[in-house]
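Residues per chain, in single letters:
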Amino acid sequence: MVTVRKSNKKKIIIPVCLIIIIAIVAGAVLGIAQKNKVVEVSLSEIKTGEIVENINATGVISSGAVQEYSAGTVAQCDNVFVKVGDKVKKGDKLASFSTDELDGQIASLQASYNDASSSYKAAVKNQKLNQSKLNQVNKKIAPLEKKLASFQKSSAASKADGKNAVSGAASKKGDSIIPGVDNPADDIAGDLEEAVKALEELAETISKLSDDITTTNAITREVMTKIAEALENGDYSPDAIAEAAGKAMSDAIREGLIEETRLIVDSGIAVDMIEEAVKSVDWAAIGSSIANSQNVTYASTELQLSALYAQREIFSLGASKATLNAQKQAVNSTKSALDTLKKAQTELVAGWVSSIDGVVTECNVTEGAQTTALQTGIKVENLDQLVVTISLGEYDVHKVTEGMKAVITTAYGEYSGEIASIAPTASGSSSSSVLDNVGSMAGISGLSSLTDKGAGVECVVTVNSPDENIIAGFEANVEIKTGTYENIPTIPIESIVLEKEGSYVYKYDEEEGTVTKTKIEVGAHSDYAYEVKSGLKLGDKIVSTPGQDYEDETFKVRVK
């Protein structure tokens, strides 16, 4: 019997074959996966072409000729000759007014202007005089301040010597350098400080009595003279000095040295104010300190300086350019108000007369009622002349000039037009250039002006031969042909990637089989293409429609 043995070869071959098959399949799958990772793109070649450039914008239709009438002030309306919807001719009377109340206002304002003008002229005349007096006072102050400083220096040295000489006694009897007596210099300093304060209050009181610098100077001179005379005669009674100062002022008013009409308050009240201010000074205490002190020169100098300081403040006010300018401003303000009322008076006396042919679109005045300066009274519009007002963005405004032709499109058809005016400045903010750039690429101008922060330049486009189908108040689209460009390098508009930093394309490298993100400069554009000004040349190839998910600046591609 033959024994048949099973071979192990078969058992080994089968697994090996399976492994080989799996490896082959895995390699194929991996190859396919690697192949699928390469981006597949379509290419466009840079060639010459033609671009007809247009700018599109939407605006509001309105009348090209509008005349508004307003009173500019409150007046009585006597007659109203029109109502909303009435057609009027140039020269037609619209309304008439009574100006009785306005006449009274003008007379009052004229008197105010005359007073302000006279005060200003007097201030101009007195400015040099006050400056001269101020210079004289400063000349008197300078040597007195020098004298006072010298006295203080010597007094301090003497006091130091005295303290050294009687230091033993002072340590037993107190701080005074004179045994058994308080330091008189301290008393004088306190009294004089009070005197200076009181004199400053007196000067302030005088300044409140009149706005006229000449009158204020006259009051100061009379009051200070009487105070000086009383002190020189040894009379330190506050009541007596106050009565003498009050009498001096009353006499000066009676004799015409002080003009009573220039006082802000009644002359009797002015005298009472002066007497109360003078009486508030403790002249007796000051006199006693001066009489009992070896420092009479020091005290006298302080008093003289106090009076001079007060005069200096008054003269400085009169010589000040700021004071003069304030008065001049008051004159100018009054004159401006007066001119405005006079102009309104002239217009209202003549009544409102239409200056154009048109239709009354507003009428806010009523017979027998008062006008208001805050509202348009009557508006007349010539609806035979219509315009569309659009906004141009910063990328388009320099391409548009006055006289350019335009096409206006409404819901009822097209109308020819022309650029009538372009504003010299933009309105709104200038922080939306990216939005305007996007709009410019799409041929739509002024997108940023539609936002809260957007800026735009106002452009007025006239409508040629308007008919009843184009109505003021509705919107219309405006297309402006800004130029035709022939035989220029062009690029499809869908090939451009717009970013904040500029415009980009993906340029193809045939040798490497890659594309690279490349910045370009563009010029004229249409709805379909852009002019290439730099960054590419004729014959270059770019990705026709770049994807939005490209992560790398340069990468491999497979061309369809």
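Nothing here was measured: the structure is a model prediction, and the numbers come from that model.

Novice: Mind showing me how you'd approach the overall build of the protein chain here?
Specialist: Helices and strands together make up the secondary structure of the protein chain, namely 11 helices and 19 strands. Taken over 560 residues, the protein chain has a buried fraction of 36%. At a minimum sequence separation of 6, the contacts of the protein chain that also span at least 24 residues come to 78%. Total accessible area computed for the protein chain in this model is approximately 32,800 Å², and 52% of it derives from carbon and sulfur atoms.

Novice: I tried to follow the pairing of strand S3 (residues 47–69) on my own but got confused; where do I start?
Specialist: Regular strands show a simple pattern: their side chains alternate between the two faces of the sheet. Relative to strand S13 (residues 475–492), S3 runs antiparallel, the two being bridged by 13 bridges. Within S13, the residue paired with Thr 48 across the bridge is Pro 489. Pairing of S3 with strand S9 (residues 378–392) involves 9 bridges; the strand directions are antiparallel. When the bridges of S9 are listed, Val 66 appears paired with Glu 381.

Novice: Sorry, what's going on with the pattern of salt bridges here?
Specialist: A complete count under the given rule lists 15 salt bridges for this structure. Of the charged contacts, one joins Glu 259 and Arg 262 as a salt bridge, the two residues approaching to 3.9 Å between their closest N and O atoms. Judged by relative accessible area, which is 38%, Arg 262 ranks as partly exposed. For Lys 399, the salt bridge identified is with Asp 396, shortest N-O distance 3.6 Å. Judged by its relative accessible area of 24%, Lys 399 falls in the partly exposed class. What emerges from the salt-bridge pattern is a single network uniting Glu 53, Asp 396 and Lys 399.

Novice: Can you walk me through the packing of helix H6 (residues 238–254) against helix H7 (residues 267–279) in this structure?
Specialist: Two quantities define a packed helix pair, namely the angle between the helix axes and the distance between the axes. Relative orientation of the contacting elements H6 and H7 amounts to 150°, with a least axis distance of 8 Å. If you check the angle between H6 and H7, you find them roughly antiparallel. Handedness of the H6/H7 crossing: right-handed. Where H6 abuts H7, its residues Pro 238, Asp 239, Ile 241, Ala 242, Glu 243, Ala 245, Gly 246, Met 249, Ser 250 and Ile 253 lie against Ser 267, Ala 270, Val 271, Ile 274, Glu 275, Val 278 and Lys 279. In the contact of H6 with H7, the residues fall into 10 nonpolar, 3 polar and 4 charged.

Novice: Help me understand the confidence of the model for the protein chain in this model?
Specialist: Detailed reading of predicted coordinates is not advised where the pLDDT is low. Here the protein chain averages 76 in pLDDT, and 74% of its residues register 70 or above. Mean pLDDT across the elements of the protein chain ranges from a minimum in helix H3 (residues 167–173), with 38, to a maximum in strand S18 (residues 541–543), with 94. Across residues 430–435, confidence stays below pLDDT 50; counting only partners more than four residues off in sequence or on other chains, it has 14 contacts. pLDDT under 50 marks residues 441–453. Its contacts with residues more than four places away, or in other chains, come to 43 contacts.

Novice: Honestly, the nonpolar core in this entry has me stumped. Any pointers?
Specialist: Counting 25 residues, the largest nonpolar core has Leu 94, Leu 348, Trp 352, Ile 378 and Val 380 as its most contacted members. Where this core is concerned, the elements lending two or more residues are S3, strand S4 (76–80), strand S6 (93–98), helix H2 (100–165), helix H10 (321–350) and S9.

Novice: Explain the environment of Glu 243 to me, please; I cannot follow it from the model alone.
Specialist: Summarising the element assignment, Glu 243 is placed in helix H6. Relative accessible area serves as the criterion here: at 56%, Glu 243 is assigned to the exposed category. Measuring from C-alpha to C-alpha, the distance between Glu 243 and Asp 272 comes to 9.5 Å, with 29 residues separating the pair along the chain.

Novice: Sorry if this is basic, but what is going on with unusual backbone geometry here?
Specialist: What is expected of a backbone is that most residues other than glycine have negative phi and most peptide bonds are trans. Despite not being glycine, Ser 465 shows a phi value in the positive range, around 50°. Within the secondary structure, Ser 465 is located in the loop between strand S12 (457–463) and S13. Here Asn 487, not a glycine, exhibits a phi torsion of approximately 50°, which is positive. Tracing the backbone through its elements, the reader meets Asn 487 in strand S13. With relative accessibility at 67%, the residue Asn 487 sits in the exposed group.

Novice: I would appreciate a short explanation of the side chain of Thr 215 in the present structure.
Specialist: Inspection of the secondary structure puts Thr 215 in helix H5 (residues 213–232). For Thr 215, the residues in contact, after removing those within four places along its chain, are Ser 210, Ile 258, Glu 259, Arg 262 and Leu 263.

Novice: How should I be thinking about the packing of aromatic side chains in this particular structure?
Specialist: Two numbers describe a pair of aromatic rings. These are the distance of the centres and the angle of the planes. If you walk through the whole model with that rule in mind, you get 5 aromatic pairs. With 6.0 Å between their ring centres and 35° between their planes, Tyr 69 and Trp 352 make a pair best called tilted. Taken together, the positions of Tyr 69 in strand S3 and Trp 352 in strand S7 (residues 352–353) put the pair 283 residues apart, joining distant regions of the chain. Using a relative accessible area of 4% as the deciding quantity, one classes Trp 352 as buried. An aromatic cluster of at least three residues, connected via ring pairs, comprises Tyr 69, Phe 97 and Trp 352. Sitting above the plane of the Tyr 504 ring, Lys 517 keeps its charged end 4.8 Å from the centroid.

Novice: Would you explain the sheet that holds S4 in this entry?
Specialist: Backbone hydrogen bonds are what pair the strands of a sheet, in a parallel or an antiparallel way. Spatially, the 3 strands line up as an open sheet ordered S4-S6-S7, and their pairing is antiparallel. Only two strands of the sheet have a single partner each, and these edge strands are S4 and S7. As defined by bridge partners, S6 adjoins S7 across 2 bridges and the pair is classed as antiparallel. Pairing of Lys 93 across the sheet is with Val 353, part of S7.

Novice: What's the story with the environment of Pro 466 in this structure? I'm lost.
Specialist: By the element assignment, Pro 466 lies in the loop between S12 and S13. Residue classification places Pro 466 among the partly exposed residues on the basis of a relative accessible area of 26%. Measuring from C-alpha to C-alpha, the distance between Pro 466 and Asp 384 comes to 7.0 Å, with 82 residues separating the pair along the chain. Setting aside residues up to four positions removed in sequence, Pro 466 forms contacts with Asp 384, Leu 386 and Tyr 415.

Novice: I tried to follow H7 on my own but got confused; where do I start?
Specialist: Given 3.6 residues to a turn, an α-helix orients residues that are three or four positions apart in the same direction. The terminal C-alpha atoms of H7, which comprises 13 residues, lie 18 Å apart, in line with the 18 Å expected from a rise of 1.5 Å per residue. Every buried residue of H7 is listed here: Ser 267, Ala 270, Val 271, Ile 274, Ala 277 and Val 278. On an axial view of H7, the arc spanned by its buried residues comes to 130°, and they lie on one face. Between a side-chain oxygen at the N-terminus of H7 and the backbone nitrogen of Gly 268 the separation is 2.9 Å; the capping residue is Asp 266.

Novice: For this particular structure, what's the right way to read H6?
Specialist: Between the first and last C-alpha of H6 there are 24 Å, a value that for 17 residues agrees with the 24 Å anticipated at 1.5 Å per step. All of the buried residues in H6 are Ile 241, Ala 242, Ala 245, Gly 246, Ala 248, Met 249, Asp 251, Ala 252 and Ile 253. Just downstream of H6 lies Gly 256, where phi reads positive at about 85°.

Novice: How should I be thinking about the state of the cysteines in this particular structure?
Specialist: By definition, a disulfide is the covalent link that joins the sulfur atoms of two cysteine residues. Applying the stated criterion across every chain yields a total of 0 disulfides. Unpaired in this structure, Cys 77 has its nearest cysteine sulfur neighbour in Cys 363, at a distance of 8.3 Å. Using a relative accessible area of 1% as the deciding quantity, one classes Cys 77 as buried. A residue is classified by how much of its surface remains accessible, and Cys 363, at 22% relative accessible area, is partly exposed.

Calculation criteria
Residues numbered from 1 in each chain as written. Predicted model: local features only at pLDDT ≥ 70, side-chain atom pairs only at ≥ 80, totals over all residues. Heavy atoms only, no water. Helix = DSSP H or I, 4+ residues; strand = E, 2+ residues; numbered from the N terminus. Buried < 20%, exposed > 50% of the residue type's maximum accessible area, 1.4 Å probe, protein only. Contact = heavy atoms within 4.5 Å. Areas by Shrake-Rupley, 256 points an atom, 1.4 Å probe, with all protein chains shown as cover. Pairing = 2+ DSSP bridges. Salt bridge = Lys/Arg side-chain N within 4 Å of Asp/Glu carboxyl O. Axes fitted to C-alpha atoms, helices over the stretch in contact; angles between N-to-C directions. Parallel < 35°, antiparallel > 145°, perpendicular 65-115°, else oblique. Left-handed = near helix turned anticlockwise from the far one by under 90°. Nonpolar A, V, L, I, M, F, W, Y, C, P; charged D, E, K, R; others polar. pLDDT = per-residue confidence, 0-100. Core = buried A, V, L, I, M, F, W, Y, C linked by side-chain atoms within 4.5 Å. Phe/Tyr/Trp six-rings, centres within 6.5 Å; stacked < 30°, edge-to-face > 60°. Lys NZ or Arg CZ within 6 Å of the ring centre and 35° of its normal. Expected span 1.5 Å × (residues − 1). Arc of directions from axis to C-beta. Polar contact = N/O pair within 3.5 Å; in protein donor to acceptor, adjacent residues only side chain to side chain. Disulfide = S-S within 2.5 Å.

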